There are 2 protein chains.
Amino acid sequence: MSGPDAQDFAARLSAAAEEVAGFLDARLGDAARTGEAAWPAQLVAAMRHGVLNGGKRLRPFLVLETAAMLAGEAGRRAALPVAAGLEAIHCYSLIHDDLPAMDDDDLRRGQPTVHVAFDEATAILAGDALLTLAFDLLTDEALALPASVQVELVRRLARAAGAGGMVGGQMLDLAAEKAERAEIDEAGVTALQAMKTGALLKYACVAGAVIAGADAGTVARMENFGARIGLAFQLADDLLDATADATVLGKAAGKDASRGKATFVALHGVEATRARCAEMVEEATALLSPFGAASRPLAEAARFIATRRS
Amino acid sequence: MSGPDAQDFAARLSAAAEEVAGFLDARLGDAARTGEAAWPAQLVAAMRHGVLNGGKRLRPFLVLETAAMLAGEAGRRAALPVAAGLEAIHCYSLIHDDLPAMDDDDLRRGQPTVHVAFDEATAILAGDALLTLAFDLLTDEALALPASVQVELVRRLARAAGAGGMVGGQMLDLAAEKAERAEIDEAGVTALQAMKTGALLKYACVAGAVIAGADAGTVARMENFGARIGLAFQLADDLLDATADATVLGKAAGKDASRGKATFVALHGVEATRARCAEMVEEATALLSPFGAASRPLAEAARFIATRRS
């Protein structure tokens, strides 16, 4: 990715990341405002470690840009707490996935994971607290959204993140690691990845449309867009694991192959994976055609997802 | 507790427990209805193990009876999915608290805990999925409640269950176990227990009032009632740990003292704890006086909480 569009996109992504991190930083530094009870200092420190770690904030970016595309600057402003809530869910899932009983990772974005920096119990609780916080943020009194929209955002997030979505996908992924490679066919890999990674990316785009008050057709279109970039994201992730090194990635590389983990790369090879990823981006950007120039940040996001280097 | 009131209460509690268990049984057996993705069988089995374990269902009982007291049978019916959602939160917290990295319990209600019956990774994910499911239940399309009520139920649950409530209380409890007994004064113990155990019991009563469309004064009154029975519950729990044996309790007894865990019993002894518990029940039942005979089940619940034997 190069040229002025890509530079604009990089700046826009980075500005949104700062905005979301700033929101979460304030929310996790001002905990006393939510009630009579103070938040335990160690718990807050672990939550902050898991959240304020320099992530790209891709999911909240998609929420903000979809809301902005469909409802302008006001839509974008209204979307910020929802975008932050989604990032809280994403970060909780990383904390729990990194635990010794799960993927057993010591390193995340070049930093010690939460259970390494603190301890396992604190990491489990920090994850639980971030997951719970997301639903607090989606129903905050200060949210400038109708109650019916808040209810829909909560319901869709619970389903995207739960047993039929992200958590279920992680369960299938752990089972797949234990199974023989031959037992997992392409449909199985695709379903697993659609749940584990795709569900939240799809939710990001749907949430932006719901916040904007979009009609059912537009919500469905953004759902399709989200499904395609979700698949592209996972394919790019698999390519990174197969080809990058740990220094660039900020986490252990080559783990998938060494564990016999079911990936598209393992089944079809690097070139076929690159082609499939490009196809997903093409289909995704084609879905944005009704929105004209306003859709440019989302189209850039789709391309970024497929070509990112970490 | 004896006499006809107590017998009525036992039957009523048991009927509500069956109703809530039946609701959760159906919900965890009919997972396909929530979306395109199937719920992984092992995850569902672990969730069912953690939820359908013959619990007393005290928290959902309080939701149902508060709604019934304030809005009759229609209120009670509308409250069922919310009551079930609260029980899902309670059960997730037990699954995570039992983990080796936390309280390390192998036995719960006489059965192997989820990480023993399955494995640690599955237990972590089953807890995450149940926590997430609660917010799905509170915003289900079939819920017969206004969107503004659903938003309030979600917001209050997220705060009761999160870093400033139940999860924060568990964090403080783990820290207290590591600390010297002398470091924790009575105010510290009370604050810890109000968060760890009290917050969900208080939420149960508040949720019933919110579901019933009660005015702010009534909601505050039920909040006070819930806070007092929450304290009575924890005091009774400490008494049970200090005096019962594992056969009756269905879990390890005497753990608090052997671990130097901060409890009211440890600080003030058994008799003072009994007196304080009775005082909480008296204050709680006095708060119900405006509601006359309709408040009898809740008054019985307060007495039950203080005198239960397991």
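Being a predicted model, the structure only gives us computed values, none of them experimental.

## Section: the overall build of chain A
Piece 1. Across its full length, chain A holds 14 helices and two strands.
Piece 2. Look at the contacts in chain A between residues 6 or more apart in sequence, and 71% of them connect residues 24 or more apart.

## Focus: the nonpolar core
Soluble globular proteins: nonpolar side chains tend toward being buried together.
Piece 1. Judged by nonpolar contacts, the single largest core of 216 residues is most densely connected at Ala232(A) and Ala232(B).
Piece 2. Residues contacting Ala232(A), with those up to four places away along its chain left out, are Cys277(A), Met280(A), Val281(A), Ala284(A), Ala302(A), Ile305(A) and Ala306(A).

## So, the relation of the copies chain B and chain A
Piece 1. Superposition record for chain B on chain A: RMSD 0.0 Å, screw rotation 180°, translation along axis 0.0 Å. Here the symmetry operator amounts to a two-fold rotation axis. Proximity to the rotation axis, assessed at the C-alpha, singles out Ala147(B) in chain B; its C-alpha lies 2.7 Å from the axis.
Piece 2. Of the residues that chain B buries at the interface, 100% are likewise interface residues in chain A, meaning the two copies contact each other through the same surface.

## Let's talk about unusual backbone geometry
Residue and element names in this part refer to chain B.
Piece 1. In this structure, aspartate 104 takes a positive phi of about 55° despite not being glycine.
Piece 2. With respect to the secondary-structure elements, aspartate 104 resides in the loop between helix 3 (58-97) and strand 1 (107-108).
Piece 3. Even without being glycine, arginine 109 reaches a positive phi, approximately 50°.
Piece 4. Of note, arginine 109 is situated in the loop between strand 1 and strand 2 (111-112).

## Brief notes about helix 14 (residues 296-307) of chain A
All names here are of chain A.
Piece 1. For helix 14, which comprises 12 residues, the first-to-last C-alpha distance of 17 Å matches the rise-based estimate of 16 Å (1.5 Å per residue) to within 8%.
Piece 2. The buried fraction of helix 14 is high, at 10 of 12 residues.
Piece 3. All of the buried residues along helix 14 are Pro297, Leu298, Ala299, Glu300, Ala301, Ala302, Arg303, Phe304, Ile305 and Ala306.

How each quantity is defined
- Along each chain, residues carry numbers from 1 onward, in the same order as the chain's sequence is written.
- Throughout, the order in which chains and ligands are written sets their labels, letters from A for the former and numbers from 1 for the latter.
- Where local features are concerned, this predicted model is filtered to residues with pLDDT of at least 70; where side-chain atom pairs are given and counted, the filter is 80 or more; whole-chain, interface and lining totals use all residues.
- A run of DSSP states H or I qualifies as a helix once it reaches four residues; a run of E qualifies as a strand once it reaches two. Both are numbered from the N-terminal end.
- Residue pairs are scored as contacts if the distance between their C-beta atoms, which are placed from the backbone, is within 7 Å.
- A set of buried Ala, Val, Leu, Ile, Met, Phe, Trp, Tyr and Cys residues, joined through C-beta atoms within 7 Å, is what we mean by a nonpolar core.
- The burial criterion counts other C-beta atoms lying within 10 Å of a residue's C-beta, which is placed from the backbone; the residue is buried at 20 or more, exposed at 12 or fewer, and partly exposed between these limits.
- When the copies are overlaid, the least-squares fit takes in C-alpha atoms only where the residue has pLDDT of at least 70 in both copies.
- Residue count minus one, scaled by 1.5 Å, sets the expected span of a helix.

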